[in-house]
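Notes for the structure review
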Amino acid sequence: MADIDGLPANDALDSRGRHLFDYWAAKRGARKMPARADLEPADIPGHLPDIGLVDVLPDEPYFRYRLLGTRQVAARGFDPTGRPVVEGFLGQDMPGMREQVLSNYRRVIAGGRPLFRDTSVRGQDNRGDMLWGGRYIARYTLFLPLAADGANTDMVLFFTNFQNC
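Anyway, here's the lowdown on the structure attached to this text. All of these numbers come straight from a predicted model, not from anything done at the bench.

Rules of the game
- Residues numbered from 1 in each chain as written.
- Predicted model: local features only at pLDDT ≥ 70, side-chain atom pairs only at ≥ 80, totals over all residues.
- Heavy atoms only, no water.
- Helix = DSSP H or I, 4+ residues; strand = E, 2+ residues; numbered from the N terminus.
- Buried < 20%, exposed > 50% of the residue type's maximum accessible area, 1.4 Å probe, protein only.
- Contact = heavy atoms within 4.5 Å.
- Phe/Tyr/Trp six-rings, centres within 6.5 Å; stacked < 30°, edge-to-face > 60°.
- Polar contact = N/O pair within 3.5 Å; in protein donor to acceptor, adjacent residues only side chain to side chain.
- Core = buried A, V, L, I, M, F, W, Y, C linked by side-chain atoms within 4.5 Å.

1. Some points on the overall build of the protein
- Secondary structure summary: the protein contains three helices and six strands in total.
- Mapped from its N terminus to its C terminus, the protein presents α and β elements in the order α-β-β-α-α-β-β-β-β.
- Counting over 165 residues, the protein shows a buried share of 44%.
- Contacts in the protein between residues at least 24 apart in sequence constitute 52% of all its contacts with a sequence separation of at least 6.

Here you go:
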């Protein structure tokens, strides 16, 4: 398995996350990252409810939701498609989460490589697992950079491992 920034152990990804990462890696070939045009939704139908695409913009707001899967929308309680990421991320009510979310995207872009984030927040402030949309627990999010030119990130595909409550 290729390097994923922030991945604590090879077993941190479940089979779905590993499958999506392997798909992304196969599509990039010899390039640093694949382009959005290289990805075919029909190849990953079981992942579609849990993924989103974020456009990387040259100016404020810098990151904008291009699309979100149905479970991503349900967990948020609304569809932020077309809105800046700062208006639609999970955990809007959590102190410091806005900067953490933006930092994730900045890190993916700066490094041009995948990023793993544990999103279960187990043990943080004794809150336990967060129940997104009252129906889901988010275990982790995998961020995968995309680039039309194969080198400069212009979009980020993210996958959240949601589990039903």
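2. Some points on the packing of aromatic side chains
- Counted under the stated rule, the structure contains seven aromatic pairs.
- Taken together, the aromatic side chains of Phe63, Tyr65, Tyr105, Phe143 and Phe158 make up a single cluster linked through ring pairs.

3. Digging into the side chain of asparagine 104
- Mapped onto the elements, asparagine 104 comes out in helix α3 (residues 97-111).
- A polar contact is formed between the side chain of asparagine 104 and the side chain of glutamine 100, at a distance of 2.9 Å.
- Those residues in contact with asparagine 104, other than ones at most four positions away along the chain, are Leu115, Arg117 and Phe143.

4. Details of the nonpolar core
- Core analysis: the biggest nonpolar cluster contains 21 residues, and Leu13 and Leu157 have the highest contact counts within it.
- Only α1 (15-28), β1 (51-56), β5 (136-146) and β6 (155-164) provide two or more residues apiece to this core.
- Discounting residues that sit within four places of it in the chain, leucine 157 has contacts with Leu20, Leu39, Ile51, Gly52, Leu53, Leu142, Phe143, Leu144 and Leu146.
- Counting residues in each nonpolar core, the second largest holds 16 residues, with Val54, Phe63, Met97 and Val108 among its members.

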